[in-house]
Amino acid sequence: MTIYQLTEPPQPLERLRGMQDTPPALHRRRQAVLHRIARVLERHGYEFIETPILESTELFLRKSGPERIAQLYAFSFRNRDIALRPEHTASILRYYVESRQNDPLPLRFAYAGPVFRYERPQAGRTRQFTEIGGELLGAPGPSGDAEVIHLAAEILEAVGIMPRIVIGHVGIVLDYLAHLPLRQRARDWLLWSMERLRKGQTIDIESELPAFVDSTDIVQITQEVRTKLALTTEDLERLILALLREVGVPMTGASRQPEEIVRGVLAKLQRSADPDALRQALAFARELASLSGPPDDVLSALRRIVERYGLSPAPLQQIDEVLDQLAAYGLETDRIVLAPGMARGLHYYTGILFEMYSQTDEGLQLCGGGRYDDLAQLLGARQPLPACGFAGGLERIADASALQPKTEPRLLVTAADRSAITAATRFAEQLRASGAIVELDVRQRSLSSNRRYARRRGVTEILIVDATGSVRRIDLSTEE
Ligand SMILES: N[C@@H](Cc1c[nH]c[nH+]1)C(=O)O
């Protein structure tokens, strides 16, 4: 650690880029929004829990996409790989695996807390934000998906936002990929590319391909062993180096250090895939990403695609059922857009997924979520746990909401003179006990400076207490 020299005179320290302070008025507004949303979640049986902000980095590596991984605040601390959580879902599932596997299902959890993502700061996007959401564990069918989608819409509507709702299903592309000889990394790349295409970005496959070409089975084995043993790159490097030494591979005299050689080999092992399969898969992803629109139109186009490629019709059936159930919740199909090219940058999704956007600020995403049926077992659960959930950013939701907090009267109690300080203190405590917001004058100022202060602070009344305990009241809201 660097020891910092104190400059003379001390300079103010700057706030970190992408980090924000929340002043009181904004905090009040957000709390009011949070309170409303929490009520909606609780009324649906979701119980609030808290998980740690710090977790093992590994927890977030198992099933996030490359974009999300690049945004991780991850560091090494006392020989442990640690990360600030970028979301809650993985933590909730870690908690489930650790402590709740014997509970009757379903389990419904809600949460609200800070998460961290190293993104380019913009209006409405900071590197720390309050993620609020819910997870429904142990609900296998469309009624689980519909509950979560409805709930996400409902919390927005509860704070006066009518969202634009976009629904997708990763099952179609996953089914397609299952039939191609692609490595996991290539699959992940493809899902990420599909998401980029959906957002209108162009992808030059030929320039991205080299990262995947070169395939031998050792790749598969290395990857499997690594995930099974939860090896870090350093572990793997040490292991391979020790192995080579043990079997007597000569490694002195080469132009590069043995460590460097091993690192090079490992880097190579991460690249692999049949380029033709990748090109083919990208064409499929393009086709899906180009479909986006009213559910009926998109569903019939999807039906043709599914037939043409001989894929399972199950995802289409599931979308149909979810749309029916959403209608029962009062969410009509004409408010919904189907976008089968959605992948959300997270690779734990296995089925229906969705995003909700502001109607006024087109591209502003307010929340999103989906089904992740394999995550629990990936994190070590004994049994499969079908699950789905959603989350959104409180700050963005509050900005998009017109909800105003109740303004409560604010009182300032002052002592008429020094001999009245104890009487004033007692009186302030009495008022607080009856529920009022009361400031006590701790600067023993004159009435005129207290008046000036009170007006700037939004204090509505000044109460001047004298030594006998009698009170003079000045109502600032009526007086000029
Ligand atoms: N954790 C997801 C949202 C989600 C919650 N549950 C399922 N998905 C996200 O960060 O976008």
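Keep in mind that what you see is a predicted model, and the values were worked out from it rather than measured. (Residues numbered from 1 in each chain as written. Predicted model: local features only at pLDDT ≥ 70, side-chain atom pairs only at ≥ 80, totals over all residues. Heavy atoms only, no water.)

Trainee: What is the right way to read the environment of Arg410 from this model?
Mentor: Relative to the assigned elements, Arg410 resides in strand 12 (residues 410–415). Sequence separation between Arg410 and Ser91 is 319 residues; the distance between their C-alpha atoms is 40 Å. Separated by 3.2 Å, the side chains of Arg410 and Glu439 make a polar contact. (Helix = DSSP H or I, 4+ residues; strand = E, 2+ residues; numbered from the N terminus. Polar contact = N/O pair within 3.5 Å; in protein donor to acceptor, adjacent residues only side chain to side chain.)

Trainee: Any chance you could explain the packing of helix 1 (residues 24–43) against helix 5 (residues 142–158) here in plain terms?
Mentor: Two elements in contact, helix 1 and helix 5, have axes separated by 9 Å at closest approach and are oriented at 145°. Considering the relative orientation of helix 1 and helix 5, their crossing is right-handed. Where helix 1 approaches helix 5, its residues Arg36, Ile37, Val40, Leu41 and Arg43 are matched on the opposing element by Leu151, Glu154, Ile155 and Ala158. Grouping the constituent residues of the contact of helix 1 with helix 5 by class yields six nonpolar, no polar and three charged. (Axes fitted to C-alpha atoms, helices over the stretch in contact; angles between N-to-C directions. Left-handed = near helix turned anticlockwise from the far one by under 90°. Contact = heavy atoms within 4.5 Å. Nonpolar A, V, L, I, M, F, W, Y, C, P; charged D, E, K, R; others polar.)

Trainee: Is there a simple way to think about the site of the ligand in this case?
Mentor: The environment of the ligand is made up of 18 residues, and the closest members are Glu87, Thr89, Glu135, Tyr348 and Tyr349. One nitrogen or oxygen atom from the side chain of Thr89 is found 2.8 Å from a nitrogen atom belonging to the ligand. A distance of 2.8 Å is found between a nitrogen atom of the ligand and a side-chain nitrogen or oxygen belonging to Glu135. When isolated, the ligand has an accessible area of 300 Å², and the protein chains bury 98% of it. Those elements giving two or more residues to the shell around the ligand turn out to be strand 6 (128–137), strand 10 (365–371) and strand 11 (387–393). Taken together, the residues of the shell around the ligand break down into seven nonpolar, five polar and six charged. (Near = heavy atom within 4 Å. Areas by Shrake-Rupley, 256 points an atom, 1.4 Å probe, with all protein chains shown as cover.)

Trainee: Would you take a moment to explain a nonpolar patch on the surface for this structure?
Mentor: Together, Leu54, Phe75 and Phe77 give the surface a local cluster of nonpolar side chains, amounting to about 280 Å² of exposed area. The topology assignment puts Leu54 in strand 2 (residues 54–56). A residue is classified by how much of its surface remains accessible, and Leu54, at 45% relative accessible area, is partly exposed. (Patch = residues over 30% accessible without salt bridge, like charges linked within 9 Å, V, L, I, M, F, W, Y side chains within 5 Å. Salt bridge = Lys/Arg side-chain N within 4 Å of Asp/Glu carboxyl O. Buried < 20%, exposed > 50% of the residue type's maximum accessible area, 1.4 Å probe, protein only.)

Trainee: I'm lost on the packing of aromatic side chains in this one. Help?
Mentor: Between two aromatic rings, the relevant description is the distance of the centres plus the angle of the planes. All chains considered together, the criterion is met by eight aromatic pairs. Residues Tyr73 and Tyr118 carry aromatic rings whose centres are separated by 5.7 Å and whose planes lie at 85° to one another, so their mutual orientation is edge-to-face. In this pair, Tyr73 is assigned in strand 3 (residues 73–77) and Tyr118 in the loop between strand 5 (107–116) and strand 6, connecting sequence segments 45 residues apart. Tyr73 gets classed as partly exposed once you look at its relative accessible area, which sits at 21%. Ring pairing ties together the aromatic residues Tyr73, Phe116 and Tyr118, which thus form one cluster. The ring of Tyr118 is capped by Arg127, whose NZ or CZ atom sits 3.9 Å from the centre of that ring. The residue whose ring lies beneath Arg196 is Trp192, and the NZ or CZ to ring-centre distance is 3.7 Å. (Phe/Tyr/Trp six-rings, centres within 6.5 Å; stacked < 30°, edge-to-face > 60°. Lys NZ or Arg CZ within 6 Å of the ring centre and 35° of its normal.)

Trainee: Is there a simple way to explain the nonpolar core in this structure?
Mentor: Core analysis: the biggest nonpolar cluster contains 75 residues, and Ile37, Leu41, Ile167, Leu190, Met356, Phe390 and Ile397 have the highest contact counts within it. Core analysis: the next-biggest nonpolar cluster, separate from the first, contains 31 residues, Ile49, Phe60, Ala339 and Tyr349 among them. (Core = buried A, V, L, I, M, F, W, Y, C linked by side-chain atoms within 4.5 Å.)

Trainee: Explain the environment of Glu87 to me, please; I cannot follow it from the model alone.
Mentor: With respect to the helices and strands, Glu87 occurs in the loop between strand 4 (80–84) and helix 4 (89–100). Between the C-alpha atoms of Glu87 and Thr130, which are 43 residues apart in sequence, the distance is 9.6 Å. In terms of polar contacts, Glu87 uses its side chain to reach the backbone amide nitrogen of Ala90, at 3.1 Å. In terms of polar contacts, Glu87 uses its side chain to reach the side chain of Tyr348, at 2.5 Å.

Trainee: Could you clarify how one ought to interpret the sheet that holds strand 6 in this entry?
Mentor: Within a sheet, each strand pairs with its neighbour through backbone hydrogen bonds, oriented either parallel or antiparallel. Here we have eight strands laid out as an open sheet, ordered 1-5-6-11-10-9-7-8, and mixed in their pairing. One side of each edge strand has no neighbouring strand; the edge strands of this open sheet are strand 1 (47–48) and strand 8 (336–338). Bridge analysis of strand 1 against strand 5 gives two bridges, and the strand direction is parallel. Across the sheet, the residue bridging to Glu47 is Phe109, located in strand 5. Contacts between helix 14 (residues 314–328) and the sheet are confined to strand 7 (164–169), strand 8 and strand 9 (352–357), with strand 7 contributing the most and set at about 150° to the helix. (Pairing = 2+ DSSP bridges.)

Trainee: When you look at the side chain of Glu135 in this model, what are you seeing that I'm missing?
Mentor: Here Glu135 shows up in strand 6. Buried Glu135, no salt bridge; nearest opposite-charge side chain is Arg344, N-O distance 9.1 Å. Polar side-chain contacts of Glu135 include one of 2.6 Å to the side chain of Tyr111. Not counting residues up to four positions away in its chain, the partners in contact with Glu135 are Tyr46, Thr89, Ile92, Leu107, Arg108, Phe109, Tyr111, Tyr372, Cys388, Gly389 and Phe390. (Lys, Arg positive; Asp, Glu negative; His and termini not counted.)

Trainee: Would you mind going over the UniProt feature "binding site: L-histidine" (unreviewed entry) in the protein with me for this structure?
Mentor: Under the feature "binding site: L-histidine" (unreviewed entry), the UniProt entry names Glu87, His88, Thr89, Arg117, Glu135, Arg344, Tyr348 and Tyr349. Beyond its immediate chain neighbours, meaning those up to four positions away, Glu87 contacts Phe60, Val115, Arg117, Glu131, Leu346 and Tyr348. Among the secondary structure elements, His88 is positioned in the loop between strand 4 and helix 4. Excluding residues within four positions of it along the chain, His88 makes contact with Thr51, Tyr111, Gly113, Val115 and Glu131. (UniProt positions renumbered as here; feature names shortened; annotations may be inferred.)

Trainee: In this structure, what is going on with helix 4? I would like to understand it.
Mentor: Each turn of an α-helix holds 3.6 residues, which means side chains three or four residues apart point in the same direction. Looking only at helix 4, the buried set comprises Thr89, Ala90, Ser91, Ile92, Leu93, Tyr96, Val97 and Arg100. Looking at the packing, one finds that the buried side of helix 4 touches strand 2, helix 2 (57–61), strand 5, strand 6 and helix 15 (375–378).

Trainee: Would you mind showing me how to read the packing of helix 6 (residues 171–178) against helix 7 (residues 184–198) here?
Mentor: In a pair of packed helices, the angle between the axes and the distance between the axes together describe the arrangement. Interaxial distance between helix 6 and helix 7 falls to 11 Å at its minimum, and their mutual angle equals 145°. The hand of the helix 6/helix 7 crossing is right-handed. Across from Val173, Leu174, Leu177 and Ala178 in helix 6, the residues of helix 7 making contact are Arg187, Leu190, Leu191 and Met194. The residue inventory of the contact of helix 6 with helix 7, partitioned by class, reads seven nonpolar, no polar and one charged.

Trainee: Teacher, can you tell me more about the sheet that holds strand 4 here?
Mentor: What the three strands build is an open sheet, ordered 2-4-3; its pairing is antiparallel. With one partner strand each, in any of the chains shown, strand 2 and strand 3 form the two edges of the open sheet. Along the sheet, successive strands turn relative to each other by an average axial angle of 35°, direction set aside. Across five bridges, strand 3 lies against strand 4 in antiparallel orientation. Within strand 4, the position partnered with Phe77 by the bridge is Arg80.

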